[in-house]
Amino acid sequence: MSCICLPGYQLIPHKGKHSISCKKCPKLLPAVTQDGWNCIMCPLGAIIDNNGRCQCPSGQILVEKTYTGISLLKAKCVTCNIGSPSFSIPDTSENNGIVQTGGMCFLHRPKDLTSSVITDIVYGQGLKVSSAWFATHLKASAIACLRFANLTACQAVGNMCVMIMNSIDMATSPNDACTLYDTIFKKTVSLGNTHSIPSWRINLPWLYFDTQYGFGNRLIDQESFQTIYHFKSSIHMELQFILAKYDAHGFFLQWEKATGGTLQLCPDTLPRLNIAYIFGVTYQQSCTLPVSKLLSKYDKNHFYDIYILYKGEDGEDRLRAVAIRNLNLQHNGKFVNRDKRMPTWYLTRRFFLVDTLSGREMNLDSQPKAIRVASNIKISVMLLPNTLPGKVIPPMMTISYTDIQIQNPDQQTVSVSFSVEYQMDLITAFQNTKIALGFLSGLSAICSMIKTATWKKRAGSPMIDIPTVLKFLLFYAGDLANTFFIVTFGTGIYWLIFFKGQRVVSVLLPTPNQEIHFICSVASAFTLKFIQLLHKLGNQLSVDIFFIDWERPKGKIVKSIAGGGDIKTAPAPVSIWRTYFVANEWNNIQTIRKINPIFQLLAVIFFLEIAGFANLTTMDPYSKLTSSAESSAIPSSRILRFGVATTIWLLVGFMQIIFCASIYERFVEDRISQFIDVCSVSNISVIIFSHKCFGYYIHGRSVHGHSDTNMEEMNLNLKREAENLCGQRGLVPNTETETFQIFITSKLREQYDKIREPLNWIRSPGHLVNNAEDAVEQRMKAYNTTNRFLGSFIDHALRDMDYIVQDKLLMERIIGMELHEPIDKTIFYNDERLSFTDILYYGNEETLLIFDMLFFCIVDLATQNFFFASFLTYVQQKLFQFIRNAAGRKNLAAKTLIDERFLL
């Protein structure tokens, strides 16, 4: 901050001008005085040091002036005795004693700083060290700074204040380094301020941003830079940090740039170190360092004042001070900077990286008993709110120090990190998100009410009871999951497009702390979708299903009655193998999906990791699909990871669904249509009750009257059907519709339950049927009775239980609710959409696709690893598929009365 003459040259002032000059000292007076303004002769026994000044032997001090302040031609080396001449004693009339400290003599003044000072330093875990450095230099530096405004002494006091974390506690520590600094600051108000900054006193280092406690709120009100920051240029814009470097004695050493790893303790290549200062690039670096390496590399303390270089309105380079938020700073015993509220912060200016000096207890050459390390350094850059794009607030540096008690340096380690983050005011974004969530949640509630009303009608429940409320909550969980997913998906796409696509800075990514709300929303979506999936699986695994066999006996057979020898005729038995065959086909299609899950995972991993779309998730504004050695220091944004992963997952899923519907099922294989064909060929109809009074019907009655025949006749029947030489397969004559939604009357359901009631007696504890043969006979009887009853119902043979066939109204299709209740007759609704697949995996592809995607994203957000997420997703899919198959198989055997051993 000032010009310094070369060794052996004295300063020559020019009164009334702002310039100075240097003049070489004559041979008779070869040395320069300590203040640099005069030439002097060194005394016998003294030497001239590298700065061209006299240096006395150990135990003596240098005297260059008389009591009255007149400069001597020949300096003296004397000990501190009362009455001895000393440049530090300007007035003998106040001589009440001499104080020798730090190699200098001072006049004792009871009301000044010559009383005892605190030289103990308290480290972490209550470790107290009597610092040799503080004992040697604190009092001397404070007195020299106060009485003579000595620049170096004032800087040394400031450095010692920084060593104790800039902490101030007037009550418990009245004479520590920071309290002394504060006293000097208040007593030198007449000297004026530097650059009109109230907290920067002339001759004192600038330690605090403000003279009063709590400056965080004022920092936000500062003017932004004139620089307009932008992306997408051939030359990256950089944050140019300039450091003023001082040693522990208070000497200014040099100006340094932050590039080159000056502030980064972790070693790395220069390109990876310097990428931290490219504007818009969020940077993270961490490592574990041995304490022995820190002791050897940082054996001398260096202190830094950090500034940022920018262009002023006149185009000239200007410096703006960067605030330091020291998390270890205490104000009256409280860690004020750890509070989340910015107005309570006490921001500072100077910092160090490693302090190996203040912890030396015996002498200044001994190994320190404890050291302090800047274990976490974070530079924060905030976009100026409510202003033109490209304007930012001056950056802020947050530092957290770790205290290490030295025991075994070769074995001890410390974890350190350095990061640069960019943030913006997200209050508006959070409000918009809340509005979207509130609006969509209201729509979800309405949809859930409609679904609950539909369920009540189909379940035949007239009252609003606890099951009704529970059903509403389950429906609402599924709809709310979709709400959270839509909002989070939209959020991820928004940041992906607008952050990666901008040229002039207008938006910045949320920081990891600001992402908490987003992560909670994703977790909520996953949890609610999981509940919805369990609800759907529970419904699918509890449906009532029965296979109606239309085959009639071909002739009669003759058989003898056991024990009597009589012979009688009986209808020829109908083969059960067709029913077993259809049951196995149904069992096999329970977990088929419109997409191939394995292909889905492989394709997503291919696009993310092989094609390089994962590189779009880095927290920098540059859209590159290729990675570099430097990019590994740039962390991924969890919002961008979610946005990229969900986009690719949905695109691959939708492409599979479209391909399945338009090409694969049309030209290769359509398992659902094949099952309907199998039913028709096998002369087996399927009736399914997903609710008490609602279900589905697949009309499989053969147009040929029978199907239990040989291959030749089967082929002949198929040929006749292909040539349109027989009737059509539809339930209603001259129609092709084979699938229906059915809304049955309560009377029909009561009769169905009455037929199957004996089966419940068998399964219930304490039932009357204890013989296994009786149980099998009951099952056979129930099967035959159910088959005849449902067959008669379909054939309109039951006068008081008939049905009609009709199409659904447009409104009924839109809201998914039947507006007319079946009072006298069951209603069959033509269903060309094959909605019976709603009780299969096939009809719930949207739920399964989103659940798998959310599971994949949740694992990735937790592990930051797409490969591991895909592996766990595959395991999860197989687990649910196994549970669905096993439980569905048991339910199929129980409801169709088919022996489970025949289900392959």
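The rules behind the values
- Residues numbered from 1 in each chain as written.
- Predicted model: local features only at pLDDT ≥ 70, side-chain atom pairs only at ≥ 80, totals over all residues.
- Heavy atoms only, no water.
- Disulfide = S-S within 2.5 Å.
- Helix = DSSP H or I, 4+ residues; strand = E, 2+ residues; numbered from the N terminus.
- Buried < 20%, exposed > 50% of the residue type's maximum accessible area, 1.4 Å probe, protein only.
- Salt bridge = Lys/Arg side-chain N within 4 Å of Asp/Glu carboxyl O.
- Pairing = 2+ DSSP bridges.

## Points about the state of the cysteines
- Counted by the stated rule, this structure contains seven disulfides.
- A disulfide bridge connects Cys42 with Cys54, and the sulfur atoms are separated by 2.0 Å. Handedness of the Cys42-Cys54 disulfide follows from its S-S torsion of about -95°: it is left-handed. Here Cys42, found in the loop between β4 (39-40) and β5 (47-48), pairs with Cys54, found in strand β6 (residues 54-55); they are 12 residues apart in sequence, far enough to count as distant.
- Between the sulfur of Cys56 and that of Cys77 lies a disulfide, 2.1 Å long from S to S. Its torsion about the S-S bond being -85°, the disulfide of Cys56 and Cys77 is classed as left-handed. On the criterion of sequence distance, the pair formed by Cys56 in the loop between β6 and β7 (61-65) and Cys77 in strand β8 (residues 71-78) is long-range, its members being 21 residues apart. Grouping residues by exposure puts Cys56 and Cys77 together as buried.
- Here Cys660 is not disulfide-linked; the sulfur of Cys679 is the nearest cysteine sulfur, at 19 Å.
- What makes Cys660 buried here is its relative accessible area of 9%.

## Regarding the pattern of salt bridges
- According to the stated counting rule, one finds 28 salt bridges in the structure shown.
- Between Arg372 and Asp403 there is a salt bridge; the shortest N-O distance is 2.8 Å. Linking Arg372 in strand β21 (residues 370-383) with Asp403 in strand β22 (residues 392-405), this pair joins segments that are 31 residues apart in sequence.
- Among the residues examined, Arg372 registers a relative accessible area of 5% and is labelled buried.
- On the accessibility criterion, Asp403 (25% relative accessible area) is partly exposed.
- In this structure, Lys451 engages Asp479 in a salt bridge whose closest nitrogen and oxygen atoms are separated by 2.8 Å.

## Examining the pairing of strand β24 (residues 544-549)
- Counting buried positions along β24 gives six out of six residues, so the element sits mostly inside the fold.
- Where burial is concerned, the two faces of β24 agree: the one with Asp544, Phe546 and Ile548 and the one with Ile545, Phe547 and Asp549 are both buried.
- Of the strand pairs in this sheet, β24 and strand β27 (residues 684-689) are connected by six bridges, and their pairing is antiparallel. In the sheet register, Asp549 faces β27, and the bridge partner there is Ile684.

Nothing here speaks to function; it is geometry throughout.
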